[in-house]
Amino acid sequence: MRLSPRTLCAAARAAWRESFPLEGRDVARWFPGHMAKGLKKMQGSLRLVDCIIEVHDARIPLSGRNPLFQETLGLKPHLLVLNKMDLADLKEQQKIMQHLEREGLKHVVFTNCVKDENVKQVIPTVMELVGSSYRYHRGEVGGPGPAEGLPLLLGNPGPVLSPPRGPALGLSRWGGTPHPGGHAGGVGVRGRGLGGAQPLPLRLQHAEHCVMVTGVPNVGKSSLINSLRRQHLRKGKATRVGGEPGITRAVMSRIQVCERPLMFLLDTPGVLAPRIPSMETGLKLALCGTVLDHLVGEETLADYLLYTLNKHQLLGYVHHYGLGEACDDIASVLKRVAVKLRKTQKVKVLTGTGNVNVIQPDYPAAARDFLRAFRSGLLGPVMLDCDLLQGRSTEEEEP
């Protein structure tokens with residue numbers, strides 16, 4: 001008989017932890033700084049792109065995003081793609097959208113790049129953003145809506161011409177004053193404007209568009225590019241993907257993802273914020289695979305995962321491992337998981353009569369399996385930002 005979550009946790013809940021102990025942990029040791037080299041290269045490529053797609057993990061939609069993306073790359077139209085939606089509990093999706101809109105993010109797409117869910121929304125949304133930006137710079141602020149401008153962008157029958165490169169574009173901040181470096185065929189502008197997007201002189205006069213894909217490590221940037229190629233070109237992988245951070249290590253050459261409109265994407269390395277705002281944010285990022293597990297410790301991550309699952313009564317782990325009841329002690333859980341999976345190890349114990357080999361549960365192996373089961377969705381969909389969505393943050397900002 002399958003017991004309900006309420007029945008499973010009724011007896012144990014009284015002894016569950018009210019908070020996760022964060023003392024003695026140093027998040028700065030887990031994350032390799034702000035990866036300035038990669039960010040600098042991305043900034044140098046801004047003049048070549050029409051739009052920025054930021055990819056983030058749907059399980060942490062409100063935490064862990066790098067603020068430098070908005071500060072240094074926010075001169076261009078911006079689309080946020082919340083990937084791995086199949087692993088996230090999205091019952092509060094409306095609240096997520098409201099929170100993000102308050103932060104200035106009005107264009108958000110939820111995707112699952114493994115199964116190509118919702119991926120077809122990405123390119124039309126990009127074209128809508130680029131079209132709106134272009135019309136603004138032509139002075140058509142009160143003109144046609146985004147949908148009315150799409151035929152111009154999607155149906156250009158002319159030859160594919162490479163857009164101008166280099167200083168002749170005269171690219172600078174939004175505004176209304178002509179830039180002295182503007183090309184004769186288009187107007188470069190600078191000054192104050194709307195939306196924080198970069199002007200797009202000339203680029204939309206051609207049938208070619210280039211988009212930069214950014215995000216913290218291991219959120220699915222390369223997977224999104226490969227999914228778009230499958231959807232629009234019926235072609236296979238163009239960039240490596242993996243379940244660990246650091247697969248993409250440099251700003252790559254342009255990768256074609258669509259024929260009409262002709263669109264290329266730039267894959268970029270994952271870039272973390274120069275400072276993680278709190279220990280709990282760091283743990284959430286680590287749970288989602290943003291850093292290598294051994295830097296934090298598999299058992300530490302497994303303990304935080306157990307604390308989070310119990311706190312929000314997400315007891316899929318009880319059924320997955322056949323534990324019978326929920327438990328808040330990580331050592332007990334990992335021992336039972338190790339026994340069930342037959343993950344044991346021989347340990348030499350020094351006694352009065354010499355060394356004796358003792359069979360013990362392999363706790364690190366059990367912790368790795370626990371994390372793998374969470375990351376592959378075997379424990380059920382999880383929302384790690386529940387407290388933020390409910391308006392009560394448990395994070396204490398570090399000075």
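Look up a bit, the structure's there.
Described in the following lines is the structure provided in the data block. (Residues numbered from 1 in each chain as written. Predicted model: local features only at pLDDT ≥ 70, side-chain atom pairs only at ≥ 80, totals over all residues. Heavy atoms only, no water.)

### Quick notes on the sheet that holds strand E3 (residues 108–110)
Part 1 of the argument: The 6 strands are arranged E3-E2-E1-E6-E8-E7 in an open sheet whose pairing can be described as mixed. A single partner strand is all that each edge strand has here, and the edge strands are E3 and strand E7 (255–258). Taking each pair of neighbouring strands and ignoring which way they run, the sheet shows an average axis angle of 30°.
Part 2 of the argument: Here strand E2 (residues 78–83) pairs with E3 via 3 bridges, running parallel. Its bridge partner being in E3, Val81 is matched across the sheet by Val109.
Part 3 of the argument: Contacting E2 and E3, helix H4 (residues 93–102) crosses the sheet at an angle of about 150° to E3.
Part 4 of the argument: Across the sheet, helix H7 (residues 221–233) is in contact with strand E1 (51–57), E2, strand E6 (208–214), E7 and strand E8 (262–266); its angle to E7 comes to roughly 50°. (Pairing = 2+ DSSP bridges. Helix = DSSP H or I, 4+ residues; strand = E, 2+ residues; numbered from the N terminus. Axes fitted to C-alpha atoms, helices over the stretch in contact; angles between N-to-C directions. Contact = heavy atoms within 4.5 Å.)

### Section: the side chain of Thr300
Part 1 of the argument: With respect to the secondary-structure elements, Thr300 resides in helix H10 (residues 298–311).
Part 2 of the argument: Judged by its relative accessible area of 18%, Thr300 falls in the buried class.
Part 3 of the argument: Once you skip the residues sitting within four places of it in the chain, Thr300 turns out to touch Phe20, Arg25 and Leu283. (Buried < 20%, exposed > 50% of the residue type's maximum accessible area, 1.4 Å probe, protein only.)

### Remarks on the nonpolar core
Part 1 of the argument: Ranked by size, the top nonpolar core spans 71 residues in total, and within it Ile53, Val122, Val126, Leu224, Met263, Tyr317 and Phe370 carry the most contacts.
Part 2 of the argument: When residues of this core are assigned to their parent elements, the largest contribution, 7 residues, is made by H10.
Part 3 of the argument: Discounting residues that sit within four places of it in the chain, Ile53 has contacts with Leu79, Val81, Val122, Val126, Val211, Met212, Val213, Thr214 and Leu224.
Part 4 of the argument: Membership of the second largest hydrophobic core comes to 15 residues, among which are Leu80, Met85, Leu90 and Phe110. (Core = buried A, V, L, I, M, F, W, Y, C linked by side-chain atoms within 4.5 Å.)

### Thoughts on the pairing of strand E9 (residues 344–351)
Part 1 of the argument: Of the strand pairs in this sheet, E9 and strand E10 (residues 354–361) are connected by 8 bridges, and their pairing is antiparallel. When the sheet's bridge partners are listed, Thr351 is paired in E10 with Gly354.

### Structural notes on helix H2 (residues 36–44)
Part 1 of the argument: Within H2, the full set of buried residues consists of Gly38, Leu39 and Met42. Angularly, the buried residues of H2 cover 95° about the axis, an arc narrow enough to put them on a single face. Facing away from the buried side of H2 by over 90 degrees, the exposed positions are Lys37 and Lys40.
Part 2 of the argument: Elements in contact with the buried residues of H2: helix H3 (67–73) and E6. (Arc of directions from axis to C-beta.)

### Topic: unusual backbone geometry
Most peptide bonds are trans, and most residues other than glycine sit at a negative phi.
Part 1 of the argument: The residue after Arg260, namely Pro261, is reached through a cis peptide bond having omega 5°.
Part 2 of the argument: In this structure, Pro261 sits in the loop between E7 and E8.
Part 3 of the argument: For Lys84, which is not glycine, the phi dihedral falls at a positive 65°.
Part 4 of the argument: If you trace the backbone, Lys84 turns up in the loop between E2 and H4.
Part 5 of the argument: A positive phi angle, near 60°, is found at Arg342, a position not held by glycine.

### With respect to the packing of helix H12 (residues 330–341) against helix H13 (residues 363–375)
Part 1 of the argument: Contact pair H12 / H13: the axes reach a minimum separation of 8 Å and the direction vectors enclose 90°. By the criterion of interaxial angle, the relationship of H12 to H13 is roughly perpendicular. Residues Ile330, Ala331, Leu334, Lys335, Val337, Ala338 and Leu341 of H12 touch H13, and the partners they reach there are Tyr363, Ala366, Ala367, Asp369 and Phe370.
Part 2 of the argument: Residues of the contact of H12 with H13, tallied by class, amount to 10 nonpolar, no polar and 2 charged. (Parallel < 35°, antiparallel > 145°, perpendicular 65-115°, else oblique. Nonpolar A, V, L, I, M, F, W, Y, C, P; charged D, E, K, R; others polar.)

### Some remarks on the packing of H10 against H13
Helix packing geometry: the angle between the two helix axes and the distance between the axes.
Part 1 of the argument: At a minimum axis separation of 9 Å, H10 and H13 run at an interaxial angle of 50°. Between H10 and H13, the angle is such that the two are oblique. The interaxial crossing formed by H10 with H13 has left-handed handedness. Across from Glu298, Glu299, Leu301, Ala302, Leu305, Leu306 and Leu309 in H10, the residues of H13 making contact are Tyr363, Pro364, Ala367, Arg368, Phe370, Leu371, Phe374 and Arg375.
Part 2 of the argument: Partitioning the contact of H10 with H13 into residue classes produces 11 nonpolar, no polar and 4 charged. (Left-handed = near helix turned anticlockwise from the far one by under 90°.)

### Digging into the pattern of salt bridges
Part 1 of the argument: Applying the stated criterion to the full structure yields 15 salt bridges.
Part 2 of the argument: Two residues, Lys91 and Asp89, come together in a salt bridge whose shortest N-O distance is 2.6 Å.
Part 3 of the argument: Note on Lys91: relative accessible area 69%, which makes it exposed.
Part 4 of the argument: The class of Asp89 is buried, set by a relative accessible area of 17%.
Part 5 of the argument: Here Lys95 makes a salt bridge to Glu92, at a shortest N to O gap of 4.0 Å.
Part 6 of the argument: Classification of Lys95 by relative accessible area gives partly exposed; the value is 34%.
Part 7 of the argument: Among the residues examined, Glu92 registers a relative accessible area of 38% and is labelled partly exposed. (Salt bridge = Lys/Arg side-chain N within 4 Å of Asp/Glu carboxyl O.)

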